[in-house]
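Below are the chains, spelled out letter by letter.
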Amino acid sequence: MKLRSLLYLFLFPAWEFLLMILLPSEYYVGASCLQTHPYPICGFHFSPSATFVLLVTAPFLISIILGLWKEWSELVAFGIPSLAVVLVTLLLLYLFEKSWISFFVPVIVSVVLYSLPCIRLDGPIKRAERLVWIATSLIVSFILCIMVWSGISIMV
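Remember, predicted model here, so these are calculated numbers, not experimental data. (Residues numbered from 1 in each chain as written. Predicted model: local features only at pLDDT ≥ 70, side-chain atom pairs only at ≥ 80, totals over all residues. Heavy atoms only, no water.)

Undergrad: Looking at this structure, I do not really get the packing of aromatic side chains. What am I missing?
TA: For any pair of aromatic rings, geometry is given as the distance between the ring centres together with the angle between the planes. Summed over the entire model, instances satisfying the criterion amount to eleven aromatic pairs. Centroid distance tryptophan 100 to phenylalanine 103: 6.4 Å. Interplanar angle 80 degrees. Geometry classified as edge-to-face. Take tryptophan 100: its relative accessible area is 46%, and that puts it in the partly exposed class. For phenylalanine 103, a relative accessible area of 13% corresponds to the buried category. An aromatic cluster is present here, built from Trp100, Phe103, Phe104, Phe142 and Trp149 joined pairwise through their rings. (Phe/Tyr/Trp six-rings, centres within 6.5 Å; stacked < 30°, edge-to-face > 60°. Buried < 20%, exposed > 50% of the residue type's maximum accessible area, 1.4 Å probe, protein only.)

Undergrad: Got a minute to help me understand the nonpolar core in this structure?
TA: Across soluble globular proteins, you tend to see nonpolar side chains buried next to one another. Of all hydrophobic cores here, the largest spans 32 residues; its most connected members are Tyr28, Phe52 and Leu144. Sorting the residues of this core by element identifies helix 1 (3–22), strand 2 (41–46), helix 2 (50–70), helix 3 (73–95), helix 4 (101–115) and helix 5 (127–152) as the ones contributing at least two each. For this core, the element with the highest residue contribution is helix 5, accounting for eleven residues. Discounting residues that sit within four places of it in the chain, phenylalanine 52 has contacts with Leu23, Tyr27, Tyr28, Phe46, Leu90, Leu144 and Met147. (Core = buried A, V, L, I, M, F, W, Y, C linked by side-chain atoms within 4.5 Å. Helix = DSSP H or I, 4+ residues; strand = E, 2+ residues; numbered from the N terminus. Contact = heavy atoms within 4.5 Å.)

Undergrad: Before we go on, may I ask you to explain the side chain of threonine 57 in this structure?
TA: Checked against the element boundaries, threonine 57 lands in helix 2. Using a relative accessible area of 5% as the deciding quantity, one classes threonine 57 as buried. Apart from the residues within four sequence positions on either side, threonine 57 is in contact with Leu83, Val86 and Leu87.

Undergrad: Sorry, what's going on with the state of the cysteines here?
TA: A covalent bond bridging the sulfur atoms of two cysteines is what the word disulfide describes. In total, this model carries one disulfide according to the counting rule given. The disulfide partner of cysteine 33 is cysteine 42, and the S-S distance across this bridge is 2.1 Å. With the S-S dihedral at roughly 95 degrees, the linkage between cysteine 33 and cysteine 42 falls on the right-handed side. Classification of cysteine 42 by relative accessible area gives partly exposed; the value is 22%. (Disulfide = S-S within 2.5 Å.)

Shown next, in the form of structure tokens:
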């Protein structure tokens, strides 16, 4: 297994974790208020802005672009399925924001995408690398779910 594959396991989840800590919830949480005076009665829902989607998908887009530019097929083979898993997670969070469906379906999508035989561009990708890539995309998906669930669980 290449050292670069192990870096994915720390680099991509670290980016999402920093977003979870530093990004204000106004970028991905919307409110529907019944009244605001004298006491606010509001319900919160997942409403991602374009900035939020771009920041969440940025490391995967950068890895795909860098892989195509430098002709590193490993980065492309990692980036495309991971980007698909993140986009599926965002779509399911939008549709089923308070459900575990938002996490378990991307788990299945990740396992299926990384087990496809077409994910070998220059040669066979070792099983250990595939497991690291699956773990990386699942950790990122779980961090996104936690970020959204904690953002919409605000009570007013």
